[in-house]
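One letter stands for each residue in the lines below.
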Amino acid sequence: AVLRATRGEADSNCVYNDYAVSGENAPGLNLDGSEGPFEAIACEDGLGEHYLRDHDAEYKLVTEFCARHLNMRRRGVVCTDYRGR
C-alpha cells in the first residue's frame, strides 16, 4: 500500500509519501513497536484463527502519518492543529 498526503491539489505540496507491505519486518515502513494513537483489532480468518491487524500495511501507514504529522503519538490524543483545507 502507498499513502501520499498533500496540502491542496499540487503534488509539490507533498507532506507524506511512504509505502508498506503487510507483515512483520516486511519491505517498506515498519512500526517501532511503541504505542500509537490506534488500537489494532483482531480479525478472524476463514479457518477460525484470530490475528491482530497491527501489521497490515494500511494500519502501519496511517499510524505513522498521524504520529509524524498530526502529533498523535498515543491513544487519547486529539489533533487540534488540523483545520481542514
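Model, not experiment: these values are computed from the prediction. Numbering of residues begins from 1 in every chain and follows the order in which that chain's sequence is written. Reporting of local features is limited, given that this is a predicted model, to residues whose pLDDT is at least 70; pairs of side-chain atoms are given and counted only at 80 or more, and all residues count toward the totals for whole chains, interfaces and linings. In computing side-chain properties, one takes all heavy atoms of the structure into account and sets aside hydrogens as well as water.

Engineer: Mind showing me how you'd approach the overall build of the protein chain here?
Structural biologist: Per the secondary structure count, the protein chain includes 1 helix and 4 strands. The principal-axis extent of the C-alpha atoms belonging to the protein chain is close to 45 × 30 × 20 Å. Type-normalised accessible area, obtained with a 1.4 Å probe on protein chains alone, sets the label of each residue: buried when under 20%, exposed when over 50%, and partly exposed for intermediate values. Burial status across the protein chain gives 21% buried among its 85 residues. Note on contacts: a residue pair qualifies if any of its non-hydrogen atoms lie within 4.5 Å across the two residues. For the protein chain, long-range pairs separated by at least 24 residues make up 49% of all intrachain contacts whose partners lie at least 6 apart in sequence. The protein chains shown are the only cover counted for residues, whose accessible areas, like all others here, come from Shrake-Rupley with a 1.4 Å probe. Entry remark: accessible area of the protein chain is about 6,400 Å², with carbon and sulfur atoms responsible for 48%. Residues counted as positive are Lys and Arg, residues counted as negative are Asp and Glu, and His and the chain ends are not counted. Where a charge lies is defined by one atom per residue type: Lys uses NZ, Arg uses CZ, Asp uses CG and Glu uses CD. Computed over 10 positive and 15 negative side-chain charges, the separation of the two mean positions in the protein chain equals 11 Å. Only DSSP runs of H or I with at least four residues qualify as helices, and only runs of E with at least two residues qualify as strands; both kinds are numbered from the N terminus onward.

Engineer: Teacher, can you tell me more about the confidence of the model for the protein chain here?
Structural biologist: Scored from 0 to 100, pLDDT records how confident the predictor is in each individual residue. Considering every residue of the protein chain, the mean pLDDT works out to 89; 94% of them sit at 70 or more. Per-element averaging of pLDDT across the protein chain places strand β4 (residues 50-52) at the bottom with 91 and strand β2 (residues 14-19) at the top with 94.

Engineer: Whenever I open this one, the nonpolar core confuses me. Can you help?
Structural biologist: A general feature of soluble globular proteins is that nonpolar side chains tend to end up buried together. Only buried residues count toward a nonpolar core, which is a set of Ala, Val, Leu, Ile, Met, Phe, Trp, Tyr and Cys residues joined through side-chain atoms within 4.5 Å. Counting 10 residues, the largest nonpolar core consists of Ala5, Tyr16, Ala20, Leu29, Ala57, Leu61, Phe65, Cys66, Met72 and Cys79. When residues of this core are assigned to their parent elements, the largest contribution, 4 residues, is made by helix α1 (residues 57-69). Each residue touching Tyr16, except ones within four places of it in the same chain, is listed here: Leu3, Arg4, Ala5, Leu29, Leu61, Glu64, Phe65, Arg68 and His69.

Engineer: Where do I start with the layout of surface pockets in this structure?
Structural biologist: Sizing a probe to match a water molecule and rolling it over the atoms shows the empty space that remains. With a 1 Å grid laid over protein atoms only, a set of points is called a cavity when a 1.4 Å probe fits there but cannot get out and a pocket when it is open yet has protein on both sides within 12 Å along at least five of seven lines; lining residues have an atom within 4 Å of a point. Grid points are joined across faces, edges and corners, and a volume is the space filled by probe spheres set on the points. By volume, the second largest pocket amounts to about 280 Å³. What lines the second largest pocket is a set of 17 residues, and nearest its centre among them are Leu31, Gly33, Ser34, Asp54 and Tyr59.

Engineer: Can you walk me through the side chain of Thr63 in this structure?
Structural biologist: Tracing the sequence through the fold places Thr63 in helix α1. Take Thr63: its relative accessible area is 8%, and that puts it in the buried class. Beyond its immediate stretch of four places on either side in the chain, Thr63 contacts Leu31, Gly36, Pro37 and Phe38.

Engineer: Got a minute to help me understand the side chain of Asp56 in this structure?
Structural biologist: Considering the arrangement of structural elements, one finds Asp56 in the loop between β4 and α1. Residue Asp56 is classed as buried on the basis of its relative accessible area of 18%. N or O atoms within 3.5 Å of each other form a polar contact, as long as, within protein, one can give a hydrogen and the other can take it, and as long as residues adjacent in sequence are counted only when both atoms are side-chain atoms. Within the structure, the side chain of Asp56 is placed 2.6 Å from the side chain of Arg53, a separation counted as a polar contact.

Engineer: Help me understand the state of the cysteines in this model?
Structural biologist: Linking two cysteines covalently via their sulfur atoms produces the bond known as a disulfide. Disulfide assignment relies on a single distance test, namely cysteine sulfur atoms paired within 2.5 Å. The full count for this structure, using the stated rule, is 0 disulfides. With no disulfide partner, Cys43 has as its closest neighbouring cysteine sulfur the one in Cys66, 19 Å distant.

Engineer: Before we go on, may I ask you to explain the pattern of salt bridges in this structure?
Structural biologist: Two side chains with opposite charge may pair up if their charged atoms get near one another. One speaks of a salt bridge when a side-chain nitrogen belonging to Lys or Arg is within 4 Å of a carboxyl oxygen belonging to Asp or Glu. The final tally for this structure, using the stated rule, is 3 salt bridges. With its nearest N and O atoms 2.6 Å apart, the salt bridge here joins Arg53 to Asp56.

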